[in-house]
Amino acid sequence: MSDQLTLSAETRDRAGKGASRAMRREGRVPAVIYGEKQEPVMIHVEEKTLVKMLSTGHFMNTVVMIDAGNGATRTLPKDVQFHPVSDRPIHVDFLRIGEHSTIHVNVPVVFTNEEASPGIKRGGTLNVVRHELELVCDAAEIPEQIEISLAGLDLGATIHISSVTLPRGVTSAIEDRDYTIASIATPSALRSAEADADEATPEA
């Protein structure tokens, strides 16, 4: 389960590009908290702290408790906007959630046991189609990552969502198709050799 984060914030009275630029010059990032049928709350957070949280790699699927001085608000980050040149964060959207709300999250995939894959041993390449899975789960039980074992998979093997064992209480957000997550591609040299062998085989 992803660790819960706490982020200090201050409310802001002014919106608009001018006010936002002024905050960024002071090392602050404008943000908004919305959802749960409540009025949006405009806030700003410290850029250094936000960047540190973003560097964890799982910020977007982690519950963030935002303390703006009037009690902590449970949220889930929904969008981070970055400057097109400097790549600095310039705005964040946070969605209010209940402690046990059912939420949609994107959780990273980690592939394990490559050394136990016959296809990888024969020179095959792991072709990753989806680096994250769209999942539905309890807000208090968000998986930090989903591990998928490559043990026993040979050249040409394909991993679909139906073959992945998800944690208890976690389901795929995409239910209308059995989508591909990854496959083990045959190396081009081996394909060429097999094609040459087929051509060299005389017809019966």
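Residues numbered from 1 in each chain as written. Predicted model: local features only at pLDDT ≥ 70, side-chain atom pairs only at ≥ 80, totals over all residues. Heavy atoms only, no water.

1. Details of the overall build of the chain
Logical step 1: Scanning the chain from N- to C-terminus turns up four helices and 13 strands.
Logical step 2: In terms of overall dimensions, the chain is more spread out than a globule: its C-alpha atoms have a radius of gyration of 23 Å, far above the 17 Å expected for 204 residues.
Logical step 3: By principal-axis analysis of the C-alpha atoms, the chain measures approximately 85 × 40 × 30 Å.
Logical step 4: Of all 204 residues assigned to the chain, the portion counted as buried reaches 37%.
Logical step 5: A fraction of 67% describes how many contacts in the chain between residues 6 or more apart in sequence connect residues 24 or more apart.
Logical step 6: Placing the 20 positive and 30 negative side-chain charges of the chain at their respective mean positions leaves the two points 11 Å apart. (Helix = DSSP H or I, 4+ residues; strand = E, 2+ residues; numbered from the N terminus. Rg over C-alpha atoms; globule rule 2.2 N^0.38 Å. Buried < 20%, exposed > 50% of the residue type's maximum accessible area, 1.4 Å probe, protein only. Contact = heavy atoms within 4.5 Å. Lys, Arg positive; Asp, Glu negative; His and termini not counted. Charge placed at Lys NZ, Arg CZ, Asp CG, Glu CD.)

2. Things to note about the nonpolar core
Logical step 1: The biggest cluster of nonpolar side chains holds 25 residues, and the ones touching the most others in it are Ile103, Val105, Phe111, Leu133, Ile148 and Ile181.
Logical step 2: Looking at this core, the elements that each hand over two or more residues are strand S7 (102–112), strand S9 (132–138), strand S10 (146–149) and strand S13 (180–185).
Logical step 3: Broken down by element, the residue count for this core peaks at five residues, all from S7.
Logical step 4: Membership of the second largest hydrophobic core comes to 16 residues, among which are Leu5, Ile33, Phe59 and Ile66. (Core = buried A, V, L, I, M, F, W, Y, C linked by side-chain atoms within 4.5 Å.)

3. Some words on the pattern of salt bridges
Logical step 1: Evaluation of the coordinates by the stated rule reveals four salt bridges.
Logical step 2: For glutamate 47, the salt bridge is made with arginine 88, and the minimal N-O distance between the two is 2.7 Å. Here glutamate 47 is found in helix H2 (residues 47–54), whereas its partner arginine 88 is found in the loop between strand S5 (72–82) and strand S6 (89–96), with 41 residues between them in sequence.
Logical step 3: The residue glutamate 134 makes a salt bridge to arginine 130 at a minimum N-O spacing of 3.5 Å.
Logical step 4: Classification of glutamate 134 by relative accessible area gives partly exposed; the value is 33%.
Logical step 5: Residue classification places arginine 130 among the buried residues on the basis of a relative accessible area of 19%. (Salt bridge = Lys/Arg side-chain N within 4 Å of Asp/Glu carboxyl O.)

4. Some details on the side chain of histidine 91
Logical step 1: Position of histidine 91 relative to the elements: it lies in strand S6.
Logical step 2: When residues no more than four places from it in sequence are discounted, the contact partners of histidine 91 are Arg12, Val29, Pro30, Ala31, Val32, Asp79, Val80 and Gln81.

5. With respect to the sheet that holds strand S4 (residues 64–67)
Pairing between the strands of a sheet comes from backbone hydrogen bonds, and it takes one of two forms, parallel or antiparallel.
Logical step 1: Reading around the barrel, the six strands line up as S1-S3-S2-S6-S5-S4 and close back on themselves, with mixed pairing between neighbours. Looking at each pair of strands side by side, their axes are set apart by 45 degrees on average, direction ignored.
Logical step 2: Bridge count between strand S1 (residues 5–11) and strand S3 (residues 38–46): three bridges; the pairing is antiparallel. For glutamate 10, the partnering residue across the bridge sits in S3 and is histidine 44.
Logical step 3: Strand contacts of helix H1 (residues 17–25): strand S2 (28–35), S3 and S6, with the helix running at about 125 degrees to S2, the strand carrying the most contacts.
Logical step 4: Along the sheet, H2 makes contact with S1, S2, S3, S5 and S6, crossing S3 at roughly 95 degrees. (Pairing = 2+ DSSP bridges. Axes fitted to C-alpha atoms, helices over the stretch in contact; angles between N-to-C directions.)

6. A short note on the environment of histidine 100
Logical step 1: Here histidine 100 shows up in the loop between S6 and S7.
Logical step 2: Sequence-wise, histidine 100 and glutamate 47 are 53 residues apart; in three dimensions their C-alpha atoms are separated by 29 Å.
Logical step 3: Once residues within four sequence positions are removed from consideration, histidine 100 is found in contact with Asp138, Ala139 and Ala140.
Logical step 4: Of the polar contacts made by the side chain of histidine 100, one reaches the side chain of aspartate 138; its length is 3.2 Å. (Polar contact = N/O pair within 3.5 Å; in protein donor to acceptor, adjacent residues only side chain to side chain.)

7. Considering the side chain of arginine 130
Logical step 1: Assignment of secondary structure puts arginine 130 in the loop between strand S8 (125–128) and S9.
Logical step 2: Ignoring any residue separated from it by four or fewer positions in sequence, one finds arginine 130 in contact with Val109, Ile174, Arg177, Tyr179, Thr180 and Ile181.

8. Things to note about the packing of aromatic side chains
Logical step 1: Under the counting rule described, the total for this entry stands at one aromatic pair.
Logical step 2: Centre to centre, the rings of phenylalanine 59 and phenylalanine 94 are 6.4 Å apart; their planes meet at 80 degrees, and the pair counts as edge-to-face. Taken as a pair, phenylalanine 59 in the loop between H2 and S4 and phenylalanine 94 in strand S6 lie far apart in primary sequence, 35 residues in all.
Logical step 3: Judged by relative accessible area, phenylalanine 59 falls into the buried class, the value being 2%.
Logical step 4: Overall, the relative accessible area of 0% leaves phenylalanine 94 in the buried class.
Logical step 5: In this structure, arginine 130 packs its charged tip against the face of tyrosine 179, placed 4.2 Å from the ring centre. (Phe/Tyr/Trp six-rings, centres within 6.5 Å; stacked < 30°, edge-to-face > 60°. Lys NZ or Arg CZ within 6 Å of the ring centre and 35° of its normal.)

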